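# What the coordinates show
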Amino acid sequence: MKRKSTETSTGKHPKKKGKCITETKLKEMISIFLSDKKHSNILIDILAQFQKPSETPATCVNAVESIFTEVLKRKDMAVTDSENSSEAESQYKDWLRDCYEEAWSKLLICLEKGKSECKLQSLNTLFKLLSIEAKFPVIKLKKKKKNNVGFPLHRLKDMLTSLYQSHTLSEEVLKRLSELFNYKDVESNLWLAADGVCKAVTQQNSTEKTLWNLLLVLSKLPKLKKGSEIVLCDIKNGVPEERLVQAAVERVWKKLSGLQCSPRTHQLLMVVLVEHIMPRMDNIIFLTDYLMDALERDECEISMIALQGIFNLVLKHNIEYPDIFGKLYQLFTPEALKAKYKARLFALADEFLRSTHLPLALVAGFAKRYARLLLHACPPDQVVLLSSMANLLIRHPDLKPLYHNPGGKDVAEDPYDEAEKDPVKSGALSSQLWEVKLMQHHHSDRVSRLAMVISNDLPSVEYSMDPVLDLTWEKMIEKEIKFLEKKIPQVAAKFQDKPLSSKMEEARQKEISLLWADFNKYFVC
């Protein structure tokens, strides 16, 4: 049985220049290969299509998946302790294993350098082969050592390496990774794989791009509370013990925290720390100094994320942070309204200021700070600010003079010191919320209505922050249009069968022009 051999696990076949095999032809070749060993050279022809990752069609990736899925299930290349096969059969199995390793190498290259469609298909194929190999291992494992698992961890490490070395990670690939990481065994073993990968990254003096890609992949892991118990590989001992995962997480953080990176990458590192690493660590108290240093930095978005980490420390470990309310107060600046994580800041502030036993001067400082930011914010942010302010005033009825003070001072005599960093010393308690009264004349009905509620009669129940934190221009305009539609008289519908008089047509045109005038205002921030 003559057959061209594969040279190495990354072996190179003689270059063949020719047209790509069509999908129909590939299906026919797969069927012939799986039905008769005499046509094994077909596999060489298929692997030869992977010469250039940028030109490899997704159909060839599918073909490799179909072939080796069946080969693994049939145990055609499996090695066992007691094998009574002939020499020819042993050579065939050796050759198949070489082809399998070469296929993995080529698929990893496609995952790293292929086009978007091929990259996504390679990712799916690699995970499919990983799950089947876990159930039908190529080499029979010896008696498992203590703490060993049956999950093909080395395969996951190879995939993670290709991902962080990739030039681009498309949204489709990241979305698929997020779905795959929901499997319990994949999510747990990824931390073990990341431990080895981080070691290589730190030793090789990686570039900013590789570090960014690695953090981007880790950011797609599910939050611990949302983790699933479903597994990808239906095997025993596929999920490592929790203590092993925690130890790997701590080692990953130890390596990542020592790397120098740009503010953009540091933001992503902080997100990974707060959302994925901290929930996995037992002794998060050791993160106190790092989070406090990050909070003291000038970068607004990094401070916002660090604040969330400190909030977790305060809740779980009762750690006291000096002047935490002062730091929170200083984060509310016009620049914060442009920050990517501003919704996180408003949500945390609502939690920090939830207690009804806070000093009135402190709460008044935050209320006045929100009011002053109304003058810089766009309508979606103004709704969030007004809702946050309303909640503060509902919790503290003694602050009524701030928003209902007929004898208050004029704007020019406002005692509030906007430059003061301490909210208690800002003079807000002696001021009034004239900014809210100004918002009563806002062109947005939603903003003006909310401002009138605060100035006139506050509700007894607090506003829910969740619906407004993700408020966007598109959502707000859509709601405003629906509100305006109720004001428009259905003149045309009422007189469908009757021609309009000149006066009625003039009135209809006037109403339409007024409607468009109101609508155009929403595009002015």
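Read on for an overview of the structure. Quick caveat, the model's predicted, so the values are computed rather than measured. (Residues numbered from 1 in each chain as written. Predicted model: local features only at pLDDT ≥ 70, side-chain atom pairs only at ≥ 80, totals over all residues. Heavy atoms only, no water.)

### Things to note about helix H9 (residues 208-218)
- For H9, a buried count of nine out of 11 residues is recorded, marking the element as mostly surrounded by other parts of the structure.
- Taken residue by residue, H9 has Thr 210, Leu 211, Trp 212, Asn 213, Leu 214, Leu 215, Leu 216, Val 217 and Leu 218 as its buried positions.
- The inward-facing, buried residues of H9 contact helix H6 (153-164), helix H7 (171-180), helix H8 (184-203), helix H10 (242-257) and helix H11 (263-277). (Buried < 20%, exposed > 50% of the residue type's maximum accessible area, 1.4 Å probe, protein only. Helix = DSSP H or I, 4+ residues; strand = E, 2+ residues; numbered from the N terminus. Contact = heavy atoms within 4.5 Å.)

### Observations regarding the packing of helix H12 (residues 288-295) against helix H13 (residues 300-317)
- Viewed as axis vectors pointing N to C, H12 and H13 meet at an angle of 145°, and their least axial separation amounts to 8 Å. Read as a crossing pair, H12 and H13 show a hand that is left-handed. Contacts between H12 and H13 involve Thr 288, Leu 291, Met 292, Ala 294 and Leu 295 from the first element and Ile 302, Ser 303, Ala 306, Leu 307, Gly 309, Ile 310 and Leu 313 from the second.
- Tallied by class, the residues present in the contact of H12 with H13 amount to nine nonpolar, three polar and no charged. (Axes fitted to C-alpha atoms, helices over the stretch in contact; angles between N-to-C directions. Left-handed = near helix turned anticlockwise from the far one by under 90°. Nonpolar A, V, L, I, M, F, W, Y, C, P; charged D, E, K, R; others polar.)

### Focus: the packing of aromatic side chains
- Enumeration according to the criterion identifies nine aromatic pairs in this entry.
- Relative to Phe 366, the ring of Tyr 329 lies with its centre 5.5 Å away and its plane at 85°, an arrangement referred to as edge-to-face. A residue pair is termed long-range when its members are at least 10 positions apart, and Tyr 329 in helix H14 (residues 324-331) and Phe 366 in helix H16 (residues 360-373) qualify at 37 residues.
- Members of the aromatic cluster, each reached through a chain of ring pairs, are Tyr 329, Phe 332, Phe 346, Phe 366 and Tyr 370.
- One cation-aromatic arrangement involves Arg 155 over Trp 104; the distance from NZ or CZ to the ring centre is 4.6 Å. (Phe/Tyr/Trp six-rings, centres within 6.5 Å; stacked < 30°, edge-to-face > 60°. Lys NZ or Arg CZ within 6 Å of the ring centre and 35° of its normal.)

### Side note on unusual backbone geometry
- Phi is positive for Lys 75, which is not a glycine, with a value near 60°.
- With a relative accessible area of 52%, Lys 75 lands in the exposed category.
- One non-glycine residue, Asn 237, lies in the positive phi region at around 55°.
- One can find Asn 237 in the loop between H9 and H10.

### Examining the nonpolar core
- Ranked by size, the top nonpolar core spans 156 residues in total, and within it Phe 68, Leu 256 and Met 389 carry the most contacts.
- In terms of residue count, helix H4 (residues 87-113) provides more of this core than any other element does, 11 residues in total. (Core = buried A, V, L, I, M, F, W, Y, C linked by side-chain atoms within 4.5 Å.)

### Re the side chain of Glu 301
- For Glu 301, the position within the fold is in helix H13.
- No salt bridge is formed by the buried Glu 301, whose closest oppositely charged neighbour, Lys 340, lies at an N-O distance of 6.6 Å.
- In terms of polar contacts, Glu 301 uses its side chain to reach the side chain of Gln 267, at 3.3 Å.
- A polar contact is formed between the side chain of Glu 301 and the backbone nitrogen of Lys 340, at a distance of 2.4 Å.
- Filtering out sequence-adjacent residues up to four positions away, Glu 301 remains in contact with Gln 267, Lys 338, Ala 339, Lys 340 and Tyr 341. (Lys, Arg positive; Asp, Glu negative; His and termini not counted. Salt bridge = Lys/Arg side-chain N within 4 Å of Asp/Glu carboxyl O. Polar contact = N/O pair within 3.5 Å; in protein donor to acceptor, adjacent residues only side chain to side chain.)

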